[in-house]
Amino acid sequence: MDDQMRLNLNNTADSTDAAVSESVDQGPVTWRDFVQLAKPGIIFSNSITAFGGFWVASGWHINWLQMIYTMIGTALVMASGCVLNNYLDRDMDIKMARTQNRALPSGKISPQVVMMYGIILGVIGVLGLGLLVNPMSALLGLIGLFVYVWIYTAWFKRTSVWSTVVGSISGAMPPVIGYCAVRNDIDAGAIILFGILFLWQPPHFWALGIRRMEEYRAAGFPLLPVVRGTFITKISMIRYIVLLVPLSLLLYVYGYVNVFYFYAAVVMGLYWAFLCIKGFKAQDEELWAKKMFIYSINYLTVMFIIMVITTVAVS
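Fair warning: this is a prediction, and the values are worked out from it, not measured in the lab. (Residues numbered from 1 in each chain as written. Predicted model: local features only at pLDDT ≥ 70, side-chain atom pairs only at ≥ 80, totals over all residues. Heavy atoms only, no water.)

Participant: How should I be thinking about the overall build of the chain in this particular structure?
Facilitator: Within the chain, the secondary structure is distributed over 15 helices and zero strands. For the chain, the C-alpha radius of gyration of 20 Å lies close to 20 Å, the compact-globule estimate for 315 residues. Each principal axis of the C-alpha atoms in the chain carries an extent, and together these give about 65 × 50 × 40 Å. Considering only residue pairs separated by 6 or more positions, the chain has 77% of its internal contacts joining residues 24 or more positions apart. (Helix = DSSP H or I, 4+ residues; strand = E, 2+ residues; numbered from the N terminus. Rg over C-alpha atoms; globule rule 2.2 N^0.38 Å. Contact = heavy atoms within 4.5 Å.)

Set out below in structure tokens:
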């Protein structure tokens, strides 16, 4: 990040903090406010992928205590990233209808408290993975946290249409952390899991971007739909989905899962591609984008549930 960009970010943050401090008191802070800062929906969905990675690597021979340590450590690292994302995005969140009533932009919790909260979660999460699981999982958690907070949130999210792709790097870490917690090695399985999450995220997030395009435009985020329009975004979405379908099948090719997963991945992936293609003729783009967004969430959840069920037992 260059000096001018850092100066602009600091100036914006200062003016935002002043605006927040003048906002109307919304009552006492509760534990629910701190839970919401960590974005529990994101933690839950990504924890499913971390669990899936752990299970696939274990081949049904589960070390339950190690799994608990892995899930808690991974969740804390993800929570840290989400909290620090809230901290850095507070100036933008004030401008967006869906985020301006959150505890930080509304002034209910001070930025300094949020920053310390995020740092503490991250330190505990990384140390927990390093001391109770293995150094590999801790390193992956630290890399994911760094990319998400500094490379994605503080830099690319404000400056480039490539922000979603960069953010996908950190978003693809949870299943790899879960996998490496068992195997302690980045082998074919870890790479395939990373690829599945990496390719899944852009079409998932761009669907939300199309649905909330005017809000992102008003806030100043250079998201792909805002900068290049919905047609180019749809082209980009189908590219990622088309690549995702064959890549997801590699788990079967490499013997991690059985044939039921293979057929399920084909059907769900091709249907997602079909749904995406329908978007080029959609009369109501917001409605289409909503359907794409909801399907993407269901796709990921169901895929990883099937992945767990169909994992081939290691003898």
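There's more to say after this.
Participant: I tried to follow the confidence of the model for the chain on my own but got confused; where do I start?
Facilitator: Caution applies to low-pLDDT regions: their predicted coordinates should not be interpreted in detail. Across the chain, the average pLDDT comes to 91, with 91% of residues at 70 or higher. Note that pLDDT drops below 50 for residues 11–16; the model gives that stretch five contacts with residues more than four away or on any other chain. In this model, residues 18–25 is a region of pLDDT below 50 whose contacts with residues beyond four sequence positions or in other chains number seven contacts. (pLDDT = per-residue confidence, 0-100.)

Participant: Looking at this structure, how should I read the packing of helix 7 (residues 135–159) against helix 8 (residues 163–171)?
Facilitator: A pair of packed helices is captured by two measures, namely the crossing angle of their axes and the spacing between those axes. Where helix 7 meets helix 8, the closest approach of the two axes is 8 Å, and the angle between their N-to-C directions is 170°. Relative to helix 8, the element helix 7 is oriented roughly antiparallel. Read as a crossing pair, helix 7 and helix 8 show a hand that is left-handed. Contacts between helix 7 and helix 8 involve Gly 144, Val 147, Tyr 148, Ile 151, Tyr 152, Phe 156 and Lys 157 on the former and, on the latter, Ser 163, Thr 164, Val 166, Gly 167, Ile 169 and Ser 170. Across the contact of helix 7 with helix 8, the residue classes tally to seven nonpolar, five polar and one charged. (Axes fitted to C-alpha atoms, helices over the stretch in contact; angles between N-to-C directions. Parallel < 35°, antiparallel > 145°, perpendicular 65-115°, else oblique. Left-handed = near helix turned anticlockwise from the far one by under 90°. Nonpolar A, V, L, I, M, F, W, Y, C, P; charged D, E, K, R; others polar.)

Participant: I would appreciate a short explanation of the pattern of salt bridges in the present structure.
Facilitator: Side-chain pairs of opposite charge can arise whenever the charged atoms involved come near each other. As enumerated under the stated definition, the model contains eight salt bridges in all. A salt bridge links Asp 89 to Arg 158; the nearest nitrogen and oxygen atoms lie 3.8 Å apart. Here the residue Asp 89 occupies a position in the loop between helix 4 (64–88) and helix 5 (90–93), and Arg 158 occupies one in helix 7, the gap between them amounting to 69 residues. Each member of the pair, Asp 89 as well as Arg 158, is classed as buried. Because the salt bridges share partners, they merge into one network encompassing Asp 89, Asp 91, Lys 157 and Arg 158. (Salt bridge = Lys/Arg side-chain N within 4 Å of Asp/Glu carboxyl O. Buried < 20%, exposed > 50% of the residue type's maximum accessible area, 1.4 Å probe, protein only.)

Participant: How should I be thinking about the packing of helix 3 (residues 40–58) against helix 4 in this particular structure?
Facilitator: Across the interface, helix 3 lies against helix 4 with an axial gap of 10 Å and an inter-helix angle of 145°. Helix 3 and helix 4 meet at a crossing whose hand is right-handed. Residue-level inspection shows Ile 42, Ile 43, Asn 46, Ser 47, Ala 50, Phe 51, Phe 54 and Trp 55 of helix 3 in contact with helix 4, the latter providing Trp 64, Gln 66, Met 67, Thr 70, Met 71, Thr 74, Ala 75, Met 78, Ala 79 and Cys 82. Here the residues of the contact of helix 3 with helix 4 are counted per class, giving 13 nonpolar, five polar and no charged.

Participant: It is not clear to me how the nonpolar core should be interpreted in this structure. Could you clarify?
Facilitator: One recurring pattern in soluble globular proteins is that nonpolar side chains are buried together. Ile 196, Leu 251, Tyr 261, Met 292 and Met 307 are the most contacted members of the largest nonpolar core, which totals 97 residues. Dropping the residues within four chain positions of it, Met 292 is found in contact with Ala 207, Met 237, Ile 241, Trp 272, Leu 275 and Cys 276. (Core = buried A, V, L, I, M, F, W, Y, C linked by side-chain atoms within 4.5 Å.)

Participant: Before we go on, may I ask you to explain helix 13 (residues 230–253) in this structure?
Facilitator: Since the α-helix turns once every 3.6 residues, residues separated by three or four places project in the same direction. In this model, helix 13 (24 residues) spans 35 Å end to end at C-alpha, consistent with the 34 Å of a helix rising 1.5 Å per residue. At Leu 244, helix 13 shows its strongest bend, of approximately 25°, with the proline Pro 246 following within four residues. Within two residues after helix 13, Gly 255 carries a phi angle of roughly 85°, on the positive side. (Expected span 1.5 Å × (residues − 1). Bend = angle between axes of the 7 residues up to and from the residue.)

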